[in-house]
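Here is what each chain is made of, one letter per residue.
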Amino acid sequence: MRHDHLLSAKQLSRGDLETVLDRAAEIAADPGAVADAHGDRLLGLCFFEPSTRTKMSFDAAMKRLGGDTVDMGSVESTSVTKGESLADTVRVVAGYADALVLRHPSEGSATLASEFVDVPVLNGGDGAGQHPTQTLLDLYTIRENAGFEDLTVGIMGDLKYGRTVHSLSHALTNVDATQHFVSPESLRLPRSVRFDLHEAGAQVREHTDVEEVLETLDVLYVTRIQRERFPDENEYRKVAGEYRIDAGLLDRADDDLTVMHPLPRVDEIAPDVDETTHAKYFEQAHNGVPVRMALLDLML
Ligand code: NCD
């Protein structure tokens, strides 16, 4: 895989995807083999939005490769509060580290940052835009549990503001999966994403009720309604709590259905699903470490 930056899932070919997933599988099988692989390397963590999994798993991944991280910390503790621009912040941090992970509330911020620095920029989520490293661990989890052959995936919840969905749907198009998009009318995939998927050869099938497709699915990818991205709290309240799955509903699904979620969940997956064999979302979160190790190993 030869990329200077990882900004969008759109830049990843099927070959790139398989390269990262294969490397991640090798690392997961024998993490000791890479324990000193990048001992002299530092990864900069620039998170302008809350994060648990993305930040901690990048941190763990870099350290498990023998390297280390330098963390900007919370926005409140940095010069951003003095009015520093994103361009200046990343230019400075790029001088401290060999690669940067950036999470930022503005769509396009990772692309912007990449124009100002010479080290690789990894997009850890740019507003409602993209979240390509999440996609890699999502695909890894899908490949492990359902495989890519004859794959049918349902993606449910906030398809409008959910960046994990925008990235994942591109990658699923690349592995020729059949995709069903399930959401309230007001949270359908953005027109631009639908357009790009059509261009890439995907058939975008949209539904408002998951029961229309549940029985046909190999994977159900559930997402949180992205409350913080709604311009109007009343609009959020209209859809909050509407899209929820529980163990009773899943009785009607295939026994092998894999249920995923990028996490954090609010109320869209009832806790009774956790006890079923369908639940793979914690495994999915844990896969973030070997997958990000593989990515860093390949990019550094
Ligand atoms: C997601 C995100 O930040 O986009 N979380 C994650 O990285 N695993 C999903 C979300 O916040 O709902």
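This one's a predicted model, so the numbers in the text were calculated from it and none came from an experiment. (Residues numbered from 1 in each chain as written. Predicted model: local features only at pLDDT ≥ 70, side-chain atom pairs only at ≥ 80, totals over all residues. Heavy atoms only, no water.)

## Some words on helix α2 (residues 53–64)
Because each turn of an α-helix spans 3.6 residues, side chains separated by three or four positions end up pointing in the same direction.
Point 1. Its 12 residues place the ends of α2 16 Å apart at the C-alpha level, agreeing with the 16 Å of an ideal helix rising 1.5 Å per residue.
Point 2. Three or more residues of α2 are buried, namely Thr54, Lys55, Ser57, Phe58, Ala61 and Met62.
Point 3. On its buried face, α2 is in contact with β1 (42–47), β2 (68–71), β3 (99–104), β4 (121–126), α5 (132–145) and α11 (288–299).
Point 4. Just downstream of α2, glycine 66 is the residue with a positive phi angle, here 90°. (Helix = DSSP H or I, 4+ residues; strand = E, 2+ residues; numbered from the N terminus. Expected span 1.5 Å × (residues − 1). Buried < 20%, exposed > 50% of the residue type's maximum accessible area, 1.4 Å probe, protein only. Contact = heavy atoms within 4.5 Å.)

## Here's the deal with the site of the ligand
Point 1. As a matter of local geometry, the ligand sits amid Arg53, Thr54, Arg103, His131, Gln134, Arg163, Thr164, Arg224, Gln226, Pro262, Leu263 and Pro264.
Point 2. Within the side chain of histidine 131, an N or O atom sits 2.8 Å from an oxygen atom of the ligand.
Point 3. Side-chain polar atom of arginine 163 to an oxygen atom of the ligand: 2.8 Å apart, as the coordinates give it.
Point 4. Those elements that provide at least two residues to the shell around the ligand are α2 and α6 (163–174).
Point 5. Per-domain counts for the shell around the ligand show at least three residues from each of domain 1 (9–130 + 287–299) and domain 2 (132–286). (Near = heavy atom within 4 Å. Polar contact = N/O pair within 3.5 Å; in protein donor to acceptor, adjacent residues only side chain to side chain. Domains from an automatic or database assignment.)

## Side note on the nonpolar core
Point 1. One finds Leu43, Leu122, Leu139, Ile142, Ile155 and Leu172 to be the most contacted residues of the largest nonpolar core, which totals 50 residues.
Point 2. Of the residues forming this core, the biggest block, seven residues, is contributed by α11.
Point 3. Three or more residues apiece are contributed to this core by two domains, here domain 1 (9–130 + 287–299) and domain 2 (132–286).
Point 4. Ignoring sequence-local partners within four residues, the contact set of isoleucine 142 consists of Gly147, Phe148, Leu151, Leu168, Leu172, Val219 and Met260. (Core = buried A, V, L, I, M, F, W, Y, C linked by side-chain atoms within 4.5 Å.)

## Examining the sheet that holds β1
Point 1. Ordered in space as β2-β1-β3-β4, the four strands form an open sheet in which the pairing is parallel. Looking at the sheet topology across the chains shown, the edges are occupied by β2 and β4. Taken pair by pair, the neighbouring strands of this sheet meet at an average axis angle of 20°, ignoring direction.
Point 2. Inspection of the sheet shows β1 paired to β3 by five bridges, in the parallel sense. Residue pairing in the sheet places cysteine 46 in a bridge with leucine 102 of β3.
Point 3. Together, β1, β2, β3 and β4 form the strand contacts of α2, whose direction differs from that of β1 by roughly 175°.
Point 4. Sitting on the sheet, helix α3 (residues 86–94) touches β1 and β3, and the angle it makes with β3 is about 155°. (Pairing = 2+ DSSP bridges. Axes fitted to C-alpha atoms, helices over the stretch in contact; angles between N-to-C directions.)

## A look at the pairing of β1
Point 1. Judged by how many residues are buried, β1 sits mostly within the fold: five of six residues are covered.
Point 2. Examined bridge by bridge, β1 and β2 share four bridges and lie parallel to one another. If you follow leucine 45 over to β2, its bridge partner there is aspartate 71.
Point 3. Each parallel crossover has a hand, and the one from β1 via α2 to β2 is right-handed. (Right-handed = clockwise from strand over helix to strand, strands pointing away.)

## Side note on the domain arrangement of the protein chain
How large an interface is tends to be reported as the accessible area lost when its parts come together.
Point 1. Considered domain by domain, the protein chain is made up of domain 1 (9–130 + 287–299) and domain 2 (132–286).
Point 2. Taken together, the 33 residues of domain 1 in the interface contact 29 residues of domain 2.
Point 3. Approximately 2600 Å² of surface area, both sides summed, lies buried where domain 1 meets domain 2, with 56% of it carried by carbon and sulfur atoms.
Point 4. For domain 1, the biggest contributors to the area lost against domain 2 are Leu21, Arg53 and Asn287; these three give 26% of the whole.
Point 5. Linking glutamate 49 and arginine 229 is a salt bridge whose minimum nitrogen-to-oxygen distance equals 2.9 Å.
Point 6. Inspection of the domain 1/domain 2 interface yields 18 residue pairs in polar contact (both at pLDDT 80 or more).
Point 7. Of all the elements in the fold, those that place two or more residues in the side of domain 1 that touches domain 2 are α1 (14–29), α2, β3, β4 and α11.
Point 8. The greatest single-element share of the side of domain 1 that touches domain 2, amounting to nine residues, is contributed by α1.
Point 9. Looking at the side of domain 1 that touches domain 2 residue by residue, the class counts come to 15 nonpolar, nine polar and nine charged. (Buried area = accessible area lost by both parts, 1.4 Å probe. Salt bridge = Lys/Arg side-chain N within 4 Å of Asp/Glu carboxyl O. Nonpolar A, V, L, I, M, F, W, Y, C, P; charged D, E, K, R; others polar.)

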